[in-house]
Amino acid sequence: MNQNRNTSRSELKEFYQRIDRHELAPLWEVIHKLLARLPITRAVPHLWCYEDVRPFLLESGEIISAKEAERRVLILENPALRGEAKTADSLYAGLQLILPGEVAPAHRHTQSALRFIVEGEGAFTAVDGERAYMNPGDLILTPSWSWHDHGHEGKGPMVWLDGLDIPQVQFYGATFGEGYDADAFKSETPPGTCNARYGANLRAVDDLPEKPYSPLFCYPFSQSGPALEKLQKSRKPNPWLGYKMEYHNPMDGGPVMPTLSAFLHGMPKQFISQPYQTTEHQVFSVKEGSGRTWIGEGEDQIEISWKPKDHFVIPGWYRYSHQIENDSVLFSFSDQGSQQKLGIWREKQHEI
Ligand code: GTQ
């Protein structure tokens, strides 16, 4: 039987017009885009240098208060996704400023958030009423539907990276949120309670996992920094990843929250990572050191040169390699855990 219909383009078009009125569309015109051979991300790699961003952040502190803004944040918008509040296809990132004496009032939402502290001290985030005072390098979690507010009792500006799963929740059409009827959520839980209950490698035997995220919402750099340093002295780096540690949920060893994974990377001076690709989208915050990262391949390859407090995004499946100038510590967050739960996560290690 002849498998070819040899229908002319104009006949096809005429058919498409008729079915179009019935909200129908031919899959065969788009199947190659939908079921592409390689992932197609809309986001592109990009670097935000802190020296360029910081003056605008401080200026935002003059034009609007944290309370008026609800959250005074400059979104790190991907150049290919302007106007969408996205840093990568699945991730939102922004830099939040809080000044002494200010409050960012309590609210909660279905989106999960994490913070990585960039500069300053004396501010706190309260999660369901328990305060965590924040210092540079600390990781703070505000999981889905937990009440959270921020306040600042210290001196000088305080800036942190916000990482949220806004695009993922948006995709599912599951965006809900509400404000609290006071600036701060009322609670008498003293600071440090969650670290004592879940962060000391001990757990009350009847404190069973209830929620799908880490009950430990504060991971201080005073612990993670030395952990990374000692790891680096104890073994060789992974050729693709350097020294990469995951912040985990002490209840199950999994990612800190279902939609966001968080990592701390150590890479020694002169380390060059072998090219690597992963389907997860990654946002980096440079804590210490400096280096260069090549992202992409061939003519589309870009080179970014980073130093402390800079931020950059590597969208999914972009091949990349780091070249380290000075001993470096980087924080990153990604949708790795989310993709792994869906069974779609992949990585590829290249050797050159
Ligand atoms: O601090 O609660 O960057 O709710 C975006 C949404 C920060 C926050 C953001 C938020 C927050």
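Treat the numbers as computed from the prediction; the structure is a model and nothing was measured.

S.K.: Provide a residue-level description of the site of the ligand, including the pertinent values.
M.R.: Close to the ligand lie Arg71, Val73, Tyr92, Gln96, His107, His109, Arg115, His148, His150, Asp162 and Leu164, which account for all nearby residues. Contact distances for the ligand include 2.8 Å between an oxygen atom and a side-chain N or O atom of His150. Contact with the protein chains removes 90% of the 290 Å² of surface that the ligand exposes when unbound. For the shell around the ligand, the secondary-structure elements that each account for two or more residues are β3 (92–98), β4 (103–109), β9 (148–152) and β10 (158–164). Looking at the shell around the ligand residue by residue, the class counts come to three nonpolar, five polar and three charged.

S.K.: Describe the nonpolar core, naming the residues involved and giving the relevant values.
M.R.: One finds Leu95, Leu114, Leu161, Tyr247, Phe331 and Phe333 to be the most contacted residues of the largest nonpolar core, which totals 51 residues. The contacts of Leu161, once residues within four sequence positions are left out, are Leu76, Ala93, Gly94, Leu95, Leu114, Arg115, Phe116, Val118, Ser285, His311, Phe331 and Phe333. Judged by nonpolar contacts, the second largest core, of 16 residues, contains Phe271, Trp306, Ile314 and Leu330.

S.K.: Just give me the short version of the packing of aromatic side chains, but keep the residues and values in it.
M.R.: Across all of its chains, the model carries 13 aromatic pairs by this definition. Pairing Phe116 with Phe331 gives two aromatic rings, centres 4.3 Å apart and planes at 5 degrees, and the pair type is stacked. Pair noted here: Phe116 is in strand β5 (residues 113–119) and Phe331 is in strand β19 (residues 320–334), with a separation of 215 residues, a long-range link. Each member of the pair, Phe116 as well as Phe331, is classed as buried. Taken together, the ring pairs connect Phe116, Tyr219, Tyr247 and Phe331 into an aromatic cluster. Its end group placed over the ring of Phe124, Arg131 keeps NZ or CZ at 3.8 Å from the ring centre. Across the ring face of Phe221, the terminal group of Lys287 is positioned such that the distance to the ring centre comes to 4.4 Å.

Criteria and cut-off values
The written sequence of each chain sets the order in which its residues are numbered from 1. Owing to the predicted nature of the model, reporting of local features is limited to residues with pLDDT of at least 70; listing and counting of side-chain atom pairs is limited to 80 or more, with chain, interface and lining totals taken over all residues. With hydrogens and water set aside, each side-chain value is computed from the structure's full complement of heavy atoms. We call a residue near a given molecule or strand whenever any one of its heavy atoms falls within 4 Å of it. Distance and chemistry together define a polar contact, namely a pair of N or O atoms within 3.5 Å, with one atom able to donate a hydrogen and the other to accept it when in protein, and with adjacent residues in sequence counting only for side-chain atoms on both sides. The protein chains shown are the only cover counted for residues, whose accessible areas, like all others here, come from Shrake-Rupley with a 1.4 Å probe. By definition, any uninterrupted DSSP run of H or I lasting at least four residues is a helix, any uninterrupted run of E lasting at least two residues is a strand, and each is numbered from the N terminus. For this scheme, ten residues count as nonpolar: Ala, Val, Leu, Ile, Met, Phe, Trp, Tyr, Cys and Pro. Four count as charged, namely Asp, Glu, Lys and Arg, and the remainder, Gly too, count as polar. What makes a nonpolar core is a set of buried Ala, Val, Leu, Ile, Met, Phe, Trp, Tyr and Cys residues whose side-chain atoms join them at distances within 4.5 Å. Residue burial is assigned from relative accessible area. The probe radius is 1.4 Å, only protein chains are included, and a residue is buried under 20% of its type maximum, exposed over 50%, and partly exposed in between. Should any heavy atoms of two residues lie within 4.5 Å, those residues are counted as being in contact. Aromatic contacts are taken between Phe, Tyr and Trp rings whose centres are within 6.5 Å, Trp giving its six-membered ring; a plane angle under 30 degrees counts as stacked, one over 60 as edge-to-face, and the others as tilted. Placement of a positive charge over a ring is assigned whenever Lys NZ or Arg CZ falls within 6 Å of the ring centre and within 35 degrees of the normal to the ring plane.

No statement about biological role is implied by the geometric values presented.
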